[in-house]
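Architecture and fold: a report
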Amino acid sequence: MQGKKVKIQRIGAKSTLYFRNYAHHVSPKTVSKLINSAILANKCSYAETDKISCGEITLAFNPLKHSRRERRMLERKVSNTIESCN
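Here goes a summary of the coordinates provided.

Parameters at a glance
- Along each chain, residues carry numbers from 1 onward, in the same order as the chain's sequence is written.
- In view of the model being predicted, local features appear only for residues whose pLDDT reaches at least 70, and side-chain atom pairs are presented and counted only at 80 or more, with totals across whole chains, interfaces and linings using the full set of residues.
- Side-chain measures here rest on the full set of heavy atoms in the structure, leaving out hydrogens and waters.
- A pair of strands is labelled paired if DSSP reports no fewer than 2 bridges between them.
- Going along the chain from the N terminus, every DSSP run of H or I of four or more residues is numbered as a helix, and every run of E of two or more is numbered as a strand.
- In this analysis an axis means a line fitted to C-alpha atoms, helices contributing only their contacting stretch, and an angle means the value between N-to-C directions, from 0 to 180 degrees.
- When checking whether two residues touch, look at their non-hydrogen atoms; a contact exists if any pair is within 4.5 Å.
- Only buried residues count toward a nonpolar core, which is a set of Ala, Val, Leu, Ile, Met, Phe, Trp, Tyr and Cys residues joined through side-chain atoms within 4.5 Å.
- Residue burial is assigned from relative accessible area. The probe radius is 1.4 Å, only protein chains are included, and a residue is buried under 20% of its type maximum, exposed over 50%, and partly exposed in between.
- Whenever a carboxyl oxygen of Asp or Glu lies within 4 Å of a side-chain nitrogen of Lys or Arg, that contact is scored as a salt bridge.
- For a helix, the expected span equals 1.5 Å multiplied by the residue count minus one.
- Think of it as the arc spanned by the lines of direction from the helix axis to the C-beta atoms.

A word on the sheet that holds strand E2 (residues 14-18)
- What the 4 strands build is an open sheet, ordered E1-E2-E4-E3; its pairing is antiparallel. Pairing within the sheet leaves two strands with one partner each, and these edge strands are strand E1 (7-11) and strand E3 (46-48). With strand direction ignored, the average angle separating the axes of adjacent strands in the sheet is 20°.
- Both E3 and strand E4 (residues 56-60) contribute to a ladder of 3 bridges, which runs antiparallel. The partner of Ala47 across the bridge, within E4, is Leu59.
- Strands E1, E2 and E4 of the sheet are contacted by helix H3 (residues 68-84), whose axis makes an angle of about 20° with E2.

Shown next, in the form of structure tokens:
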């Protein structure tokens, strides 16, 4: 389906995930819990989850600590979590 995709925009050390909240019915608690556990496990530096209700999540990475592979894995994990929320 066309409205069910999560789009990822990478600018510098930040990745922003855009999705249609009405199509996914994302639980802010579930996504926040996933992101907080990733921060504690040093998978990313910080994240902005203030705009989950608008369909936007921003993840920030430190290029000296986090490799491109780790960045893509976390993006995919968050994206899969969003897409599985229905």
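On we go from here.
A look at the nonpolar core
- Grouped together as the largest cluster of nonpolar side chains are 16 residues, with contacts concentrated most on Val31, Ile57, Leu59, Leu74, Val78 and Ile82.
- Elements represented by at least two residues in this core include exactly helix H2 (28-40), E4 and H3.
- In this structure, Val31 is in contact with Val26, Ile52, Ile57 and Ile82, ignoring residues within four places of it in sequence.

Focus on the pattern of salt bridges
- All chains considered together, the criterion is met by 2 salt bridges.
- Its salt-bridge partner being Glu75, residue Arg10 comes within 2.8 Å of it at the nearest N-O pair. Of the two residues, Arg10 is situated in strand E1 and Glu75 in helix H3; the sequence distance between them amounts to 65 residues.
- Of the residues examined, Glu75 reaches a relative accessible area of 1% and is grouped as buried.

A look at H3
- Look at H3: 24 Å from first C-alpha to last across 17 residues, which is about the 24 Å you get at 1.5 Å a residue.
- Within H3 the residues assigned to the buried category are Arg71, Leu74, Glu75, Val78, Ser79, Thr81 and Ile82. Seen end-on, H3 carries its buried residues on one side only, within an arc spanning 160°. In H3, those exposed residues whose orientation departs by more than 90 degrees from the buried face are Arg69, Arg76 and Ser84.
- Of the surrounding secondary structure, the elements contacted by the buried residues of H3 are E1, E2, helix H1 (21-24), H2 and E4.

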